[in-house]
Structures are given as C-alpha cells and as structure tokens.
Amino acid sequence: MPEEILTPAQMAEVDSTAIARGPFDGPRLMANAGSAVAAAVTARHPGAARVDVLCGPGNNGGDGYVVAAELARRGVDVAVWASAEPRPGSDAEKAAAACPVAPWPLADFRPSNDSVVVDALYGAGLSKPVEGVDAAAIDHCNAAGATVVAVDLPSGVSGLTGQVLGTAFRAAQTVTFVRRKPGHLLYPGRELCGEVIVAAIGIADAVVGEAGATAFANAPDLWRGRLPHPAVDTHKYRRGHVGVFSGSAAATGAARLAAMGAARAGAGAVTVLSPGAALAVNAMHLTSIMLRKTDGLADVEAFLADRRPSALVYGPGLSPDAATAALLVALVERLAGPGCGLVVDASAITALAGAHAEAFFAATRGAGEVVLTPHEGEFARLFPDLAAENQPSKLERARLAAARSGATVILKGADTVIAGANGRAAINANGTPLLATAGSGDVLAGIAGGFLAQGMPGFEAACAAVWMHAEAARQVGPGLIAEDLPLALRPVLRKFFPVPAGEGSFGER
C-alpha cells in the first residue's frame, strides 16, 4: 500500500488534476469510487437482507447514489435515504438522476441491529460539526448497533485531525480512495474507521506525487534504505558507541533498559554514565554494557573526549529538576555539529519546561541530530501553547514542536507521530496497547539512540525505532513487560538483516 498520507485539501487537488488530465472525468471517477464501495459491501456482507444507503448533498452523497445503483443491479434490496437534494449541476446530481432507487427522507430513517448501512453523508473534508437530521441518523445507527460501511471516512470525523465534529459513525469498514488521510490514522478517527480499505479509482501515482505529500504512514519502506548494515571488517566502535545517563541509586533501571535497547538495535558499544553513588547498583546488573562514573559536566566532557560516542540518551531515571535541565543545555551546546546524536526522554523533557526551554531550543538548532520523545503530558509541559485543546491535530502539534525545537519529535501514544524539523512527518500504524507498561518508553529511547549511533538520520532513526518497538511488543504478546522488549527485537531485526546460510544468527558472530 502506498504510504503517502493526503490531507483533504491535497486530495481535492489530486482529484482536480486527475479530472483535468483524464482519461476519467468527474462522473467516471465517481462511478469508479461507488463501484469500489459496492464491491466491498458485497464482499464483507454477502448475507445482508437489505442495505440502507445514506446520501448527503455533496460528492460523498454522489458516491452513495452510485453504490445504491450498483447494488440494485446486483440484485441487492437497497433503500436510499437523502438528507438534502444534490447540489445543482454537480456530479452528485448526475449520479442521483441515474440511480434507479428513489430516495426517502433521511429524517425517517430508523435502523435496526441487523441493518447494513452505507454512510455517504460526508467525506474527509468535513470542517464543522454534524447537526440536525444527519446527526440524528448517526446517533440512531450507533444506538442500534447497525453495521456501517463508511465512504471515504465515517461522517463526523475530521479527515484532517481525526477528531469527532459533533457526533460520528462507528464503522465496521471504511472505503477510502487513492490514499489514506490523517483522520484514518489519528485517534479517535482511527478507531471509528474500523477496517480501512484503500481503493484505486483510476488516478495515477504521478498525479498523487505532484500533491507534495509530506506525511506518511510509518512503515519499513519509509526508512529501510537508511538502516545500518555492518561491514564485514567492522569493529564495535565503528558500529557506534552510545552513552546512556543513569539516575540516582534508587532510579537506575530506566537507564539500563535504554542501554539494552541501544545494544539490541545494533550499537557496537554502550556505556552507562552513572553517578558515583549508583555505580555499585548498576555494576550488579550490567555485563556487556560498560559503566563509567559521571558526576557532573566535567566528567561528561571527559567521556566525550576520551570515547567520542556517536549518540547519547539523556532522561530515563533522571530527576525532573533544574540541575538536569542545566546539564542538558550545556551538553547540547558542546555537541554542535554532526558528530554525536542525542535522544532526550522522560524526566529531562519535564525538566526543560519553563526557564530552560528556549536555551535548549537555541542550542539544538546548532547541534547534530536530536530526538525528543515526549508523551502527551510531557509535551504539554514543554510546549504548553501547542497542547491538544489549542491545536487539535496531533500531526500538526508534533510538526510545530519540531520546527520550534529544531529536533525530531516523537509524540508518543496509540497513534504516535514522528515529525522532523523540515516538515516531514509519519503516523505510526502498528502501535499496540501492550506497550502501555512502565519502562517501555525507556527502551524506545535506547533503540532510537542505537540507530542514531550507527549513522541513521534523526527522522529515519526515530521512525524505525517506533515501528520496531511496536513489532517487538507484538512478538511477545500478552504478559509483556519492558524487560522483554530488547530481546524481542531480535526476530524483528532478522527481517531486515537476513543471515546467509551457514552463518551464525544476527548479533552472534
């Protein structure tokens, strides 16, 4: 499946360009779309006694009239319910005129729990709350538990933000066209879409390419080409050295989780930078991970000079206080240039909020690859003006934060968004609730650090880390705890680093 994500405005541009160039005009593209929906209805619900098609006044409604005509041609018992007349002179008006099924008033529609309903009221371009008879029809369907097949996007879901505008259908399937929209992947729209079917309707990929999509579904094709492949004559430091900052004696576990994530991601060497008071605790639990006493900026500078790490992970297990923020700002100022990547996670993000944020952003813009990994709470503390109530699109919030900070931002959640400072963004599609467990974010930070250390650019390293983190969780399944994740990366990595016959497993040579 092509991974570009088109905004509703970009999709409208694609439609206009395709119609202008041919070979299909507007009515023919509408016919292709309606036929695709009809095919999905008959394939997914072959035993439906009747199908109710709800048609709005726009092109989404026009698709609905084509669906009704096609289903009637196939011998299905179909009823059409219209909220308003199609717009005069529109392709929808032509589709309604060609439909052999006369419409009933939508206000009279009353579904039952065995109804199959085609929602063709509004598509992805909806920009205001659904009201009146349309809202009532949606509420009747949801209350009855009717089976809904949505055209383009469940009516009431914003195609741009995934947010519900007033009320929205809960669909079993959603048939969209050409490419997915943000609302298919961002919650709560993602949950309301059910199964998403992307139908080709005769628009060429070249036309889609001209729309200039800068958002993508996070999948391997987006970053596979930037994965590090060790040379046969490599050694551990050439594969990347990651330094992971540890918390105090009572908060060391998070750093060790991050360190193991970095090591499993392929970094050749990993060092835990531990306060002196926590050295003994860390030493008891580390074997292949190195350990170094680090009690302040002077110790950090000595480590940078002696070992020249290629990435650092800062945040897991640290205290969310001014000292943590001050050390981070000083650290970033010393990392100017491309030599060493940095992942900032957990308490370090909270520590930055307030007086230290602008100093950090100023330093980040002159540094190498920096990745921020906030969850929603941390994001709201660091970027309070970009909180969800002020900017409802998670995609746009992450993009604005990346532009401001000069960093790649991983805005975590069920629909994790990865945004680069250059405007590129990805929405992760393989997330799992199994990752809602303490310590999983620390492992993610380590994986990202491991990829940075091996030379991956920040955006691709972040996207690969998020996807592989989720795939590792799926490998484990129910009962997952964070400690399981680093080892579970092995079968995920084998998909990208196949072992030639007769050689040892990846990571065992």
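Just above sits the structure.
## Digging into the state of the cysteines
Turning to step 1, where the next piece is worked out: Per the counting criterion, the structure on display carries 0 disulfides.
Turning to step 2, where the next piece is worked out: Considering cysteine sulfurs only, Cys141 is the nearest to Cys193, which forms no disulfide, with 16 Å between them.

## Notes on the sheet that holds strand E8 (residues 195-199)
Turning to step 1, where the next piece is worked out: Here we have 7 strands laid out as an open sheet, ordered E4-E3-E2-E5-E6-E7-E8, and parallel in their pairing. Edge strands, defined here as strands with exactly one partner in the open sheet, are strand E4 (103-105) and E8. Pairs of neighbouring strands in the sheet enclose a mean axial angle of 25°, with direction left out of account.
Turning to step 2, where the next piece is worked out: Sheet topology places strand E7 (residues 173-177) next to E8; 5 bridges connect them, and they run parallel. Residue pairing in the sheet places Thr174 in a bridge with Val196 of E8.

## Structural notes on unusual backbone geometry
Turning to step 1, where the next piece is worked out: With an omega of 10°, the peptide bond running from Gly22 to Pro23 counts as cis.
Turning to step 2, where the next piece is worked out: Within the secondary structure, Pro23 sits in the loop between helix H1 (8-21) and helix H2 (26-44).
Turning to step 3, where the next piece is worked out: With an omega of 5°, the peptide bond running from Tyr187 to Pro188 counts as cis.
Turning to step 4, where the next piece is worked out: Looking at the element boundaries, Pro188 is found in the loop between helix H6 (182-185) and helix H7 (189-193).
Turning to step 5, where the next piece is worked out: With a phi angle near 80°, Asp152 is a residue other than glycine that sits in the positive phi range.
Turning to step 6, where the next piece is worked out: Its place among the elements puts Asp152 in the loop between strand E6 (147-151) and E7.
Turning to step 7, where the next piece is worked out: With relative accessibility at 12%, the residue Asp152 sits in the buried group.

## Details of the sheet that holds strand E16 (residues 408-411)
Think of a sheet as strands paired side by side through backbone hydrogen bonds, with each pair either parallel or antiparallel.
Turning to step 1, where the next piece is worked out: In spatial order, the strands read E1-E9-E18-E17-E16-E15-E14-E13-E10-E11-E12; together these 11 strands make up an open sheet with mixed pairing. The sheet terminates laterally at strand E1 (4-5) and strand E12 (290-293), the two strands that pair on one side only.
Turning to step 2, where the next piece is worked out: Along the sheet, helix H9 (residues 253-264) makes contact with strand E10 (241-245), strand E11 (269-274) and strand E13 (311-314), crossing E10 at roughly 165°.
Turning to step 3, where the next piece is worked out: Here helix H18 (residues 458-476) sits on the sheet in contact with strand E9 (215-218), strand E15 (370-373), E16, strand E17 (417-419) and strand E18 (425-428), set at roughly 5° to E18.

## Brief notes about the pattern of salt bridges
Turning to step 1, where the next piece is worked out: Per the counting criterion, the structure on display carries 21 salt bridges.
Turning to step 2, where the next piece is worked out: Arg74 is the salt-bridge partner of Glu70, the closest N and O atoms lying 3.0 Å from each other.
Turning to step 3, where the next piece is worked out: For Asp306, the salt bridge goes to Arg292, with nearest N and O atoms at 2.9 Å. Of this pair, Asp306 sits in helix H11 (residues 297-307) while Arg292 is found in strand E12, placing the two residues 14 residues apart along the sequence.
Turning to step 4, where the next piece is worked out: Residue classification places Asp306 among the exposed positions, given a relative accessible area of 54%.
Turning to step 5, where the next piece is worked out: Overall, Arg292 belongs to the partly exposed group, its relative accessible area being 22%.
Turning to step 6, where the next piece is worked out: By sharing partners, the salt bridges in this structure join Glu4, Arg179 and Asp205 into a single network.

Calculation criteria
Residues numbered from 1 in each chain as written. Predicted model: local features only at pLDDT ≥ 70, side-chain atom pairs only at ≥ 80, totals over all residues. Heavy atoms only, no water. Disulfide = S-S within 2.5 Å. Pairing = 2+ DSSP bridges. Helix = DSSP H or I, 4+ residues; strand = E, 2+ residues; numbered from the N terminus. Axes fitted to C-alpha atoms, helices over the stretch in contact; angles between N-to-C directions. Buried < 20%, exposed > 50% of the residue type's maximum accessible area, 1.4 Å probe, protein only. Contact = heavy atoms within 4.5 Å. Salt bridge = Lys/Arg side-chain N within 4 Å of Asp/Glu carboxyl O.

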